[in-house]
Each structure stands twice: as C-alpha cells, then as structure tokens.
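Chain residues, written in single-letter form:
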Amino acid sequence: MELQEHYEKRKDEIKGRLNEFSKMMQKSDEEIFEELVFCLLTPQSKARTCDKAVKKLKEKGLLFNGDVKDVKAWIAGVRFPNEKAKHVVAARKTFVNGNNVKLKDKLNGDNKEIREWLVKNVKGLGYKEASHFLRNIGIGFDFAILDRHIMKNLKKYSVIDDVPKTLTPKKYLEIEEKMKQFSERIGISLPELDLLFWSMEAGEVCR
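Here is a short report on the structure shown in this document. (Residues numbered from 1 in each chain as written. Predicted model: local features only at pLDDT ≥ 70, side-chain atom pairs only at ≥ 80, totals over all residues. Heavy atoms only, no water.)

Turning next to the side chain of Glu-176. Position of Glu-176 relative to the elements: it lies in helix H9 (residues 169-186). Residues contacting Glu-176, with those up to four places away along its chain left out, are Arg-115, Ser-131, Phe-143, Ala-144 and Leu-146. (Helix = DSSP H or I, 4+ residues; strand = E, 2+ residues; numbered from the N terminus. Contact = heavy atoms within 4.5 Å.)

With that settled, consider the packing of aromatic side chains. Per the counting criterion, the structure on display carries five aromatic pairs. Clustering of aromatic rings is evident, with ring pairs tying together Tyr-157, Phe-182 and Phe-197. Just above the ring of Phe-143 sits the side chain of Arg-115; from NZ or CZ to the centre is 3.9 Å. (Phe/Tyr/Trp six-rings, centres within 6.5 Å; stacked < 30°, edge-to-face > 60°. Lys NZ or Arg CZ within 6 Å of the ring centre and 35° of its normal.)

On to helix H1 (residues 2-22). In this model, H1 (21 residues) spans 28 Å end to end at C-alpha, consistent with the 30 Å of a helix rising 1.5 Å per residue. Listed as buried for H1 are Leu-3, Tyr-7, Ile-14, Leu-18 and Phe-21. Among the structural elements, helix H7 (127-136), H9 and helix H10 (190-202) are those in contact with the buried residues of H1. (Expected span 1.5 Å × (residues − 1). Buried < 20%, exposed > 50% of the residue type's maximum accessible area, 1.4 Å probe, protein only.)

Our next topic: the packing of helix H8 (residues 148-156) against H10. It is at 9 Å that the axes of H8 and H10 come closest, and there the two elements cross at 100 degrees. Judged by the inter-axis angle, H8 sits roughly perpendicular to H10. In this structure, H8 contributes His-149, Ile-150, Lys-152, Asn-153 and Leu-154 to the contact, and H10 contributes Asp-194, Phe-197, Trp-198, Met-200 and Glu-201. Grouping the amino acids of the contact of H8 with H10 by side-chain chemistry returns five nonpolar, two polar and three charged. (Axes fitted to C-alpha atoms, helices over the stretch in contact; angles between N-to-C directions. Parallel < 35°, antiparallel > 145°, perpendicular 65-115°, else oblique. Nonpolar A, V, L, I, M, F, W, Y, C, P; charged D, E, K, R; others polar.)

Structure representation (structure tokens):
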C-alpha cells in the first residue's frame, strides 16, 4: 500500500520521463553518444553532477576530441575521473571514425544481445551501466538498473534477502528477474518501479 501511494503521487512525472526516454532513438548518433558518456560517468557519482560534466565536455568540444587529460580536467566532481576519462576516450575509438559517429547501428536486434555486446565491447560498462544506457535511450525498458539505492528498496520490500556486497553478472541477472516478478505482482512496470524507487531516495524523478 505504501509503495502504491508513492506511485500515485509520482505516476504522471514518471510516465513523462519514460516518454522522454522512448523518443531518444529519434535523435542523432551524437546525442546518443552523449547519453553513453553520461552513463559511463555515473558509477558512484551523482546523476546531476554527471549531467553537468557532459554539458561541460560538450561546451568545450571534448566529447569527440581531446585526450584523457583534457577530458579529466572538465569532469570535476565525478568520482574516479582518470579512469572515467579513459573510458570516454576509449568509447570514441569504438563509435567515432573521423567526423562520423556510428552508434545507433550497433543498437539493432535483440535487447539482451545488445546489452551483452555493450558489456563486452565498451570499457566501463557493466550490466548496470549498460542497462542504464539502454533504458535512457528507450530500448531497455525490460532491464533493471541495480545500484545500491534500488537494491536497498528491493530488500525493504522483501524482494531480496540482503544487498550483496559484490554483484557478479550471475547475481545481477538473478536479482533482475526477481525485480521483474515483483513489478508484475504489484502492477507497476519495471522502468516505472525503477524511477519510483529512485525518486523515493532522491526526492525527484531524474536519472
């Protein structure tokens, strides 16, 4: 009942955010790459801080140019800036050839296969980050984004017994499946449930 009450308060805002995500694939490869960079920056960092960092990189012309040192200089506030700057530069090598950004072509086909490909081929993307990216561009609504905030709430509502100290790929998929079953049981879709839990922690719907 408590969860349903929270959902009713946030429902319109949540649905509006998901509608924004669903339109992302209509945008350019460059804009999709911006979202990828955002998701590369987010581990253990605040979403708003990462959003500001991406905007700053774009303003300085460093999303598609500049070396690790250049990128690092403009992502202040993001945790592990050296490693994440390396990930941004490495992602360019995968998806950018000269002035051409080819990312959307890699996102056709089965969603699970796309996620596996991203995890294997993009440094800095684990299951959580790849799921976050795919959800944010509107083609990963069937994935869970299992950060500690989400798992804390899954424990609170007895979906899982404990928040694991480490999250192996096998464990990730197990908890993802439990979250899917829970969402079906309470009648709140998986992406809506994610944003609901997130808003309960952050006080707003963003992510």
